[in-house]
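Listed here are the chains, written in short residue letters.
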Amino acid sequence: MTSPLRLTQTANEAEITEFFQKSAGQWRSERRYYTLPEGETKEMVSMITIRFLDQGCAELQKLAQLHELPDTVSLICGAEVIWNSTDKLKGRQESQGSTLFGVLGNILYRDRGFATSKPITAEYHFPNSETLCLRTEYNGSVFEEELKLIGNKYRTRQTIISRSGEQLMIGQYLEKRID
């Protein structure tokens with residue numbers, strides 16, 4: 001019989017487990033999107049709640065099923081992110097929702113993408129223990145993200161969206177932990 005639990009984690013898995021644990025909590029995210037090449041900007045404010053997910057929890061089991069992973073495979077950890085976003089300049093709600101993240105090896109599994117409601121995967125790596133880099137590709141687009149923890153109270157994020165080798169949008173975020 002094959003056990004779905006593994007006794008050891010890879011170095012990347014240990015780093016992302018710690019990164020998700022440090023990210024858990026409530027955040028106020030202020031972000032600006034730059035549409036290229038025109039430079040049109042959009043400013044957003046989001047309230048974000050991040051919950052760390054332990055291996056074997058129901059949410060990670062559901063995520064593994066969405067990705068049609070074998071029953072013998074168990075995602076080692078994950079996070080649930082819930083957001084409520086408002087257009088800063090217009091003062092009206094833009095979006096709200098949630099997404100699940102799960103980890104196995106150097107792959108981050110998601111129940112949805114930035115521009116799709118379908119399950120997607122991203123490759124990830126850590127240039128240092130406080131900085132998570134993701135690369136996601138789907139529907140002809142490439143999404144490159146960098147999330148950086150700055151002490152306990154701040155995170156920065158940057159997203160670059162490209163298609164056919166041309167950069168279409170840059171998103172820059174400053175996130176402050178809410179006590």
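The preceding data block contains the structure.
Here is a short report on the structure shown in this document. (Residues numbered from 1 in each chain as written. Predicted model: local features only at pLDDT ≥ 70, side-chain atom pairs only at ≥ 80, totals over all residues. Heavy atoms only, no water.)

### Observations regarding a nonpolar patch on the surface
And step 1. A surface patch of nonpolar side chains, about 250 Å² in accessible area, is lined by Ile-150, Tyr-154 and Leu-174.
And step 2. Inspection of the secondary structure assignment puts Leu-174 in strand β10 (residues 166-178).
And step 3. On the accessibility criterion, Leu-174 (35% relative accessible area) is partly exposed. (Patch = residues over 30% accessible without salt bridge, like charges linked within 9 Å, V, L, I, M, F, W, Y side chains within 5 Å. Areas by Shrake-Rupley, 256 points an atom, 1.4 Å probe, with all protein chains shown as cover. Salt bridge = Lys/Arg side-chain N within 4 Å of Asp/Glu carboxyl O. Helix = DSSP H or I, 4+ residues; strand = E, 2+ residues; numbered from the N terminus. Buried < 20%, exposed > 50% of the residue type's maximum accessible area, 1.4 Å probe, protein only.)

### Re the packing of aromatic side chains
And step 1. Under the defined criterion, the tally for this structure stands at five aromatic pairs.
And step 2. An angle of 50° between the planes, with centres 6.4 Å apart, marks the rings of Phe-20 and Phe-101 as tilted. Within this pair, whereas Phe-20 is found in helix α1 (residues 11-23), its partner Phe-101 is found in strand β4 (residues 93-104), the two being separated by 81 residues in sequence. The pair formed by Phe-20 and Phe-101 is uniform in burial state, with each residue classed as buried.
And step 3. Relative to Phe-126, the ring of Tyr-124 lies with its centre 6.0 Å away and its plane at 85°, an arrangement referred to as edge-to-face.
And step 4. For Phe-126, a relative accessible area of 11% puts it in the buried group.
And step 5. Ring pairing ties together the aromatic residues Phe-19, Tyr-124 and Phe-126, which thus form one cluster.
And step 6. Note that Arg-155 overlies the ring of Trp-27, its terminal NZ or CZ placed 5.3 Å from the centroid.
And step 7. The ring of Tyr-173 carries Arg-157 above its face, with NZ or CZ at 4.1 Å from the centroid. (Phe/Tyr/Trp six-rings, centres within 6.5 Å; stacked < 30°, edge-to-face > 60°. Lys NZ or Arg CZ within 6 Å of the ring centre and 35° of its normal.)

### Here we look at the state of the cysteines
And step 1. Summed over the entire model, instances satisfying the criterion amount to zero disulfides.
And step 2. Cys-133 takes part in no disulfide bond, and the closest cysteine sulfur, belonging to Cys-77, lies 17 Å away.
And step 3. You can call Cys-133 buried: its relative accessible area is 13%. (Disulfide = S-S within 2.5 Å.)

### Examining unusual backbone geometry
And step 1. Residue Pro-37 is reached from Leu-36 by a cis peptide bond, and omega for that bond is 0°.
And step 2. Looking at the secondary structure, you find Pro-37 in the loop between β1 (25-35) and β2 (40-54).
And step 3. Despite not being glycine, Ser-164 has its phi angle at roughly 55°, a positive value.
And step 4. If you trace the backbone, Ser-164 turns up in the loop between β9 (154-163) and β10.

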